[in-house]
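Chains, contacts and geometry: an overview
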Amino acid sequence: MSRAKYLSLNGKIIPWNEGTVHVFSPVVKYGAGLFEGLRGYWNDDKKEMFLFRVKEHMDRLAFGQRVMRYERIVDGDTLAEQCIALIRANEFKEAIHLRVMVYVDGDGEMGAPGPVSVAITAVPRPLPKQVIDGTTAHISSWQRISDVSIPARVKSNANYQNSRLAVLQSKADGYGAPILLNSRGKVSEGPGMCFFMIRNGKPVTPSVSNDILESVTRATLMDLFHESLDLEVTERDVDRTELYDAEEAFFCGTGWEVTPITSIDKIAVGNGKPGALTQKLQKVYFDVVLGKTNVHSEWRTPVYAGAKSKAAE
Ligand SMILES: Cc1ncc(COP(=O)(O)O)c(C=O)c1O
């Protein structure tokens, strides 16, 4: 199945079906890969696509390459340029999701630091229904991976086996999404998203030492809560039973954007509908990512603006 016309492999734009990797490579054998998920938002009034917080994503990817001792750190600006070239080649004019993958290629064994390859995909991704309707959630019986074994703050492919186990359990048990506790029994995050709750009128999120991915969206929302809703987010340990007392709760992430949680373990969150504050925050968030406001223009990278000026040269 071809989800887009082209993808980018080691800087070359090639047909989608040619994006292959050898079965003997460390990325296949050991999950020796790192990735970033980014979104491109299409603003139809401006006829422009905006990539959201590319620099922060590329910085996190570089951090992962250092921790995993890659033999070369791929330059973030180069990756950003390759993302833009790929979107232009596919001529996307709709909401998209990009995946930037940096992985150990070749035929090495467990400790191979390279050769390092880069693959970038971009596929259409419309607004998920659950962003409007909300999702049910439950506490997973799987525990979040720990910083002393497989660090959650490094966005490594292998981490997502932990996420998959939790997602598979949620599906089997009929919930929309899992919330994982960490080895200390504190609330950590979802399988591909961070967690916030509103308790006693105040936004709260697990701190970065709770085995979470240090999420770009989480950081964005902390700023937006402060700047647009005049609320400070508290980062701290969160107990499971606090979730049953929250007035509102939501997941956040590049993929999950701001998704209201309507129940946890079949206990309604608030009145069981997306919360009022969550909905206010969604409006602020979507105005920013779509470039409907001039606020935080430094977070948005226009994709087609440069192409027009190039064509005029
Ligand atoms: C485990 C996990 N937590 C949180 C997030 C949210 O991170 P971000 O907002 O940077 O997309 C992701 C997203 O990819 C994730 O995989």
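As a starting point, this report considers the structure included with it. What you see is a predicted model; the values in this text were computed from it and never measured.

A contiguous nonpolar surface patch, about 350 Å² in accessible area, is contributed by Val-21, Val-23, Phe-24 and Val-28. By the element assignment, Val-28 lies in helix H1 (residues 26–30). Given a relative accessible area of 44%, Val-28 falls into the partly exposed group.

This brings us to the pairing of strand E14 (residues 257–264). Regular strands show a simple pattern: their side chains alternate between the two faces of the sheet. Burial of E14 is extensive: 8 of the 8 residues sit out of reach of the surface. Relative to E14, strand E7 (residues 135–143) runs parallel, the two being bridged by 3 bridges. If you follow Thr-135 over to E14, its bridge partner there is Ile-261. The pairing of strand E13 (residues 248–253) with E14 spans 4 bridges and is classified as antiparallel. Residue pairing across strands places Cys-252 opposite Val-258, the latter belonging to E14. Between E13 and E14, which pair antiparallel one after the other, the connecting turn spans 3 residues. Between E14 and strand E15 (residues 267–268), which pair antiparallel one after the other, the connecting turn spans 2 residues, and Asp-265 there sits at a positive phi close to 55°.

Not every one of the 16 residues close to the ligand is listed here, only the nearest: Tyr-160, Glu-189, Ser-215, Thr-217 and Thr-254. Arg-60 is positioned such that a nitrogen or oxygen atom in its side chain is 2.8 Å from an oxygen atom of the ligand. Lys-155 has a polar side-chain atom sitting 2.7 Å from an oxygen atom of the ligand. Bound to the protein, the ligand loses 96% of the 390 Å² it would expose on its own. Where the shell around the ligand is concerned, the elements lending two or more residues are helix H2 (54–67) and helix H6 (216–229).

About the cut-offs
- For every chain, the first residue of the written sequence is number 1, and numbering continues from 1 along that sequence.
- Residues qualify for local features only when their pLDDT is at least 70, as the model is predicted, and side-chain atom pairs are given and counted only at 80 or more; totals for whole chains, interfaces and linings, by contrast, use all residues.
- In computing side-chain values, all of the structure's heavy atoms are included and hydrogens and water are not.
- Surface patches are defined over residues having more than 30% relative accessible area and no salt bridge, joining like charges when they lie within 9 Å and nonpolar side chains (Val, Leu, Ile, Met, Phe, Trp, Tyr) when within 5 Å.
- Exposure was quantified through the Shrake-Rupley algorithm and a 1.4 Å probe, taking into account, for residues, occlusion by the shown protein chains and nothing else.
- Whenever a carboxyl oxygen of Asp or Glu lies within 4 Å of a side-chain nitrogen of Lys or Arg, that contact is scored as a salt bridge.
- Helix numbers and strand numbers start at the N terminus; a helix is a DSSP run of H or I with at least 4 residues, a strand a run of E with at least 2.
- Type-normalised accessible area, obtained with a 1.4 Å probe on protein chains alone, sets the label of each residue: buried when under 20%, exposed when over 50%, and partly exposed for intermediate values.
- For two strands to be treated as a pair, DSSP must find no fewer than two bridges joining them.
- Each residue is tested against the molecule or strand, and it is near if at least one of its non-hydrogen atoms lies within 4 Å.
- Polar contacts, as used here, are pairs of N or O atoms within 3.5 Å; protein pairs need one atom able to donate a hydrogen and one able to accept it. Residues neighboring in sequence count only if both atoms are side-chain atoms.

So, to be careful, I would describe these as geometric facts and stop short of saying anything about function.
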